[in-house]
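Structural characterization, general
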Amino acid sequence: MRKRPIELKVIIRYFLGLNFVRQTVIAGNWKMHMTCAETENFLKDFIPLIENINTNRNIVIAPPYTAISTFASFSDSMNLNIASQNIHWEDSGAFTAEISPVMLLEHNVKYAIVGHSEPRKYFSESDEQINKRAKSAQSNGLTPIVCVGETLEQRERGEAERIISRQVEQGLEGTNSSDLIVAYEPIWAIGTGKTCEAEDANKICKLIRNLIGYEDVVIQYGGSVKPNNIDEIMSMSDIDGVLVGGASLDPISFARIANFK
C-alpha cells in the first residue's frame with residue numbers, strides 16, 4: 001500500500017517536538033428520520049444540553065434533506081454544525097434524487113457524509129463515486145466525512161485490513177488530508193447492537209491514519225455507539241470522535257455522547 005506523502009507541517013512539528021491536538025468531532029446521522037417539526041423539538045431540547053461543552057468538541061448532525069433548513073435556523077451554537085447525508089460531484093444536472101454542493105451551501109451546511117455503508121449496499125456506490133463526492137465536497141468548501149468499513153464475512157475471513165486499505169486508497173485519492181474526516185464503521189456493527197471492541201476499533205483507526213500519512217487527520221468510530229460505551233471508545237489513542245446513528249435521535253442520549261468523560 002502506497003502511503004500519502006507526509007505534509008511539510010507534519011515534518012516541522014515532528015522535529016520541533018510539538019504534540020498533535022486533533023479536534024474531536026461528534027457527529028449524528030439521522031438517516032431517514034425526523035420531520036421538520038421533530039427536528040425543531042429535538043433542537044430545543046438538545047442545544048441547552050451542549051451549551052457548556054468543551055470548545056475543542058465539534059458537534060455535527062446530518063438531518064434528512066427536508067429538515068436542513070429547519071436545522072439551519074437553530075444552528076447558531078458555535079459548536080453545532082450541519083452535515084449532509086450525501087453530496088453529488090456536479091453543481092447541477094439531470095441527477096434525480098441527488099443533492100449538489102451549491103444547494104447545501106445555501107443552508108450553511110459544513111460537512112457531507114460520503115461512502116456510508118447503506119448507499120454502498122443499497123445503491124451500489126463504488127469507491128470511484130465516493131472519491132468524486134469527497135473531492136466535490138472539498139472543492140466547494142465542505143468537509144467530507146468519508147466512511148469505510150468491512151462486512152462480517154470479510155472480517156471473519158481475515159480481510160478487514162485489506163478492505164479498509166482499498167477503500168482508503170481509492171476513496172481518498174487526490175483529496176486534501178488536512179480537510180477530511182474518516183469514519184471507520186464496521187458494517188456488522190451498524191444498527192445491530194454489536195459494538196467493535198474499543199481496542200480493535202483503535203487498531204483499525206491507527207491503520208487508517210498510517211495509510212493516509214497525515215497525523216492530524218480526524219478519525220471517527222461508528223457502529224452502535226451509545227451513552228454506555230462512549231467513554232471507553234473516546235479513551236482510545238487514535239479515535240478522535242464518533243459517527244452516531246440511532247442514539248443521535250434522542251437529545252438526552254446524544255448530549256451524553258457529546259459530553260463524554
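Note: the structure precedes this text.
As the structure is a prediction and not an experimental result, all values here were calculated from the model.

This part takes up the overall build of the chain. Along its length, the chain carries 11 helices and 8 strands. For the chain, whose C-alpha radius of gyration is 17 Å, the value lies close to the compact-globule estimate of 18 Å for 261 residues. Here the C-alpha coordinates of the chain stretch approximately 45 × 45 × 40 Å along the principal axes. Counting every position in the chain, which comprises 261 residues, the buried fraction comes to 53%. Excluding contacts between residues fewer than 6 apart, the proportion of contacts in the chain whose partners are at least 24 apart in sequence is 72%.

For D238, the location among the structural elements is in the loop between α10 (230-233) and β8 (241-244). We classify D238 as buried; its relative accessible area is 7%. Of the polar contacts made by the side chain of D238, one reaches the side chain of S237; its length is 3.1 Å. The contacts of D238, once residues within four sequence positions are left out, are R22, N202, C205, K206, R209 and I219.

All right, on to the pairing of strand β2 (residues 57-62) then. Burial within β2 is extensive, with 6 of its 6 residues counted as buried. Every second residue of β2 is oriented toward a common face, with R57, I59 and I61 on one face and N58, V60 and A62 on the other, all of them buried. For strand β1 (residues 24-29) and β2, the ladder comprises 6 bridges, and the chain directions are parallel. Of the residues in β2, the one forming a bridge with G28 is I61.

Within the span of helix α11 (residues 251-258), buried status applies to P251, F254, A255, I257 and A258. Within α11, the buried residues cover an arc of 160° as seen down the axis, which keeps them to one side. Buried-residue contacts for α11 involve β1, α2 (36-46), β2, α10 and β8. One side-chain oxygen of the residue at the start of α11 lies 3.2 Å from the amide nitrogen of I252, identifying that residue as D250.

Below, the discussion takes up the packing of helix α8 (residues 160-171) against helix α9 (residues 198-212). Helix-helix packing is described using two parameters, namely the angle between the two axes and the distance between the axes. Across the interface, α8 lies against α9 with an axial gap of 10 Å and an inter-helix angle of 40°. The angle between the axes of α8 and α9 places the two elements in the oblique class. Regarding α8 and α9, the two cross each other, and that crossing is right-handed. Counting all contacts with α8, which are made through E161, I164, S165 and V168, the residues of α9 involved are K203, I204, L207, I208, L211 and I212. Looking at the contact of α8 with α9, its residues break down into 7 nonpolar, 1 polar and 2 charged.

Taken in spatial order, the 8 strands line up as β1-β2-β3-β4-β5-β6-β7-β8 and close into a barrel, and their pairing is parallel. Neighbour-to-neighbour, the strand axes of the sheet open up by a mean angle of 25°, direction not taken into account. Note: strand β3 (residues 80-84) against strand β4 (residues 109-114), 3 bridges, orientation parallel. What sits directly across from A83, in β4, is Y111.

Contact geometry for α2 and α11: axes closest at 9 Å, N-to-C directions at 45°. By the angle class used here, α2 and α11 are oblique. Here the hand of the crossing between α2 and α11 comes out right-handed. Packed against α2, whose contacting residues are F42, D45 and F46, the element α11 presents P251, F254 and A255 at the interface. Considering only residue class, the contact of α2 with α11 consists of 5 nonpolar, no polar and 1 charged.

What follows deals with α8. Between the first and last C-alpha of α8 there are 16 Å, a value that for 12 residues agrees with the 16 Å anticipated at 1.5 Å per step. Restricting attention to buried positions, one finds in α8 the residues A160, I163, I164, S165, Q167, V168 and G171.

Moving on, we get to the state of the cysteines. If you walk through the whole model with that rule in mind, you get 0 disulfides. Here C147 stays free of any disulfide, with the sulfur of C205 as its closest cysteine sulfur at 12 Å. Taking the relative accessible area as the measure of exposure, C147 reaches 1% and is therefore buried.

So, about the environment of R22. Structurally, R22 is set in the loop between α1 (8-16) and β1. Given a relative accessible area of 16%, R22 falls into the buried group. Once residues within four sequence positions are removed from consideration, R22 is found in contact with N56, R209, E215, D216, V217, S237, D238 and D240. A distance of 3.1 Å separates a polar atom in the side chain of R22 from the backbone oxygen of E215. Here D240 takes part through its side chain, which lies 2.8 Å from a polar atom of the side chain of R22.

Cut-off values and rules
Residues numbered from 1 in each chain as written. Predicted model: local features only at pLDDT ≥ 70, side-chain atom pairs only at ≥ 80, totals over all residues. Heavy atoms only, no water. Helix = DSSP H or I, 4+ residues; strand = E, 2+ residues; numbered from the N terminus. Rg over C-alpha atoms; globule rule 2.2 N^0.38 Å. Buried < 20%, exposed > 50% of the residue type's maximum accessible area, 1.4 Å probe, protein only. Contact = heavy atoms within 4.5 Å. Polar contact = N/O pair within 3.5 Å; in protein donor to acceptor, adjacent residues only side chain to side chain. Pairing = 2+ DSSP bridges. Arc of directions from axis to C-beta. Axes fitted to C-alpha atoms, helices over the stretch in contact; angles between N-to-C directions. Parallel < 35°, antiparallel > 145°, perpendicular 65-115°, else oblique. Left-handed = near helix turned anticlockwise from the far one by under 90°. Nonpolar A, V, L, I, M, F, W, Y, C, P; charged D, E, K, R; others polar. Expected span 1.5 Å × (residues − 1). Disulfide = S-S within 2.5 Å.

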